[in-house]
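If you want the building blocks of each chain, they are given just below.
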Amino acid sequence: MSVGETTITIVGNLAGDPELRFTTSDAAIAKFSVASTPRSYDKTTGQWQDGTALFLRCTAWRDLANHVAESLTKGMRVVVTGRLRQHNWKTDQGENRSMLTLEVDDIGPSLRFATAKVDRVQRNGAATGPATDAWNTAAPAGAGAAGDEPPF
């Protein structure tokens, strides 16, 4: 990350399934849109009101792109952190256009109204399930008695 980059976090729902593609040099790229809709409580009606939805186009690269494509689907609520990028171009008619996108640094499911099972991935790409996780092993018999030193 460079100095002065605009980093944001957005919470919203995937507007469609992530599209996984590959560059000519075989780098994975996943593109998807996140819809974030603000809600406010109207005291006069006693009901929640939806505001105008923000649709933000997102791009994830390499391993993150593969993980997004394997794990997330349309409608899932996600928390996305990344860097805003502005793209500028001219149309065939000579009109200037611009669009903001989010280059994703990290993404995950929102656990506010859902649950998730996490499988860690080793650097070589092989998934390790919870059974092989060193933190998921049972404590030795007698461990945890009062006065025991912490294990670190």
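That block above? That's the structure.
Residues numbered from 1 in each chain as written. Predicted model: local features only at pLDDT ≥ 70, side-chain atom pairs only at ≥ 80, totals over all residues. Heavy atoms only, no water.

Asker: Is there a simple way to explain the overall build of the protein in this structure?
Answerer: Along its length, the protein carries 1 helix and 10 strands. Of the regular secondary structure in the protein, the N- to C-terminal order runs β-β-β-β-β-β-α-β-β-β-β. Going through the 152 residues of the protein one by one, you find that 22% of them count as buried. When contacts within the protein are restricted to residue pairs at least 6 apart in sequence, those whose partners lie at least 24 apart make up 56%. When the accessible surface of the protein is summed, it comes to about 11500 Å², and 51% of that surface belongs to carbon and sulfur atoms. (Helix = DSSP H or I, 4+ residues; strand = E, 2+ residues; numbered from the N terminus. Buried < 20%, exposed > 50% of the residue type's maximum accessible area, 1.4 Å probe, protein only. Contact = heavy atoms within 4.5 Å. Areas by Shrake-Rupley, 256 points an atom, 1.4 Å probe, with all protein chains shown as cover.)

Asker: Would you explain the pairing of strand β7 (residues 77-90) in this entry?
Answerer: The side chains of a regular strand alternate, first on one face of the sheet and then on the other. Two strands pair when backbone bridges link them, and strand β1 (residues 7-14) and β7 are joined in this way by 7 bridges, in the antiparallel orientation. If you follow T9 over to β7, its bridge partner there is T81. Here 13 bridges tie β7 to strand β8 (residues 96-109), and the two strands are oriented antiparallel to one another. Counterpart to H87 in the pairing with β8 is M99. Connecting β7 to the next strand, β8, in antiparallel fashion are 5 residues, including G94 with a positive phi near 85 degrees. (Pairing = 2+ DSSP bridges.)

Asker: Would you mind going over unusual backbone geometry with me for this structure?
Answerer: In terms of backbone geometry, most residues other than glycine have negative phi values and most peptide bonds are trans. For D26, which is not glycine, the phi dihedral falls at a positive 70 degrees. Structurally, D26 can be placed in the loop between β2 (19-22) and β3 (28-36). Located in the positive-phi region is R62, a residue other than glycine, with phi close to 55 degrees. Among the structural elements, R62 can be located in helix α1 (residues 62-71). For R62, a relative accessible area of 54% corresponds to the exposed category.

Asker: In this structure, what is going on with the pattern of salt bridges? I would like to understand it.
Answerer: Note on pairing: side chains with opposite charge can pair once their charged atoms come close. According to the stated counting rule, one finds 10 salt bridges in the structure shown. Two residues, E19 and R57, come together in a salt bridge whose shortest N-O distance is 3.8 Å. With E19 in strand β2 and R57 in strand β6 (residues 54-61), the pair connects residues that are 38 residues apart, well separated along the chain. Here D119 and K117 are joined by a salt bridge, their closest N and O atoms 2.7 Å apart. Under the relative-accessibility criterion, D119 is labelled partly exposed at 40%. Residue classification places K117 among the exposed positions, given a relative accessible area of 59%. Residues participating in the shared-partner salt-bridge network are E5, R83, R85, E103 and D105. (Salt bridge = Lys/Arg side-chain N within 4 Å of Asp/Glu carboxyl O.)

Asker: How should I be thinking about the side chain of S36 in this particular structure?
Answerer: Tracing the chain through its elements places S36 in strand β3. S36 sits in the buried class, given a relative accessible area of 18%. Here V11 takes part through its backbone oxygen, which lies 2.9 Å from a polar atom of the side chain of S36. If near-sequence neighbours (up to four positions away) are discounted, S36 is found in contact with I10, V11, G12, T52, A53 and L54. (Polar contact = N/O pair within 3.5 Å; in protein donor to acceptor, adjacent residues only side chain to side chain.)

Asker: Sorry, what's going on with the layout of surface pockets here?
Answerer: In this approach, a probe sized like a water molecule rolls over the atoms, and the result shows the empty space that is left. Space inside the second largest pocket adds up to approximately 250 Å³. As for the second largest pocket, its lining consists of V11, G12, N13, A35, S36, T37, R39, D50, R77, R112 and F113. Counting only elements with at least two residues in the lining of the second largest pocket, the list comes to β1 and β3. At 3 residues, the largest contribution of residues to the lining of the second largest pocket is made by β1. (1 Å grid on protein atoms, 1.4 Å probe; cavity = no way out; pocket = protein on both sides within 12 Å on 5 of 7 lines; lining within 4 Å. Points joined across faces, edges and corners; volume = space filled by probe spheres on them.)

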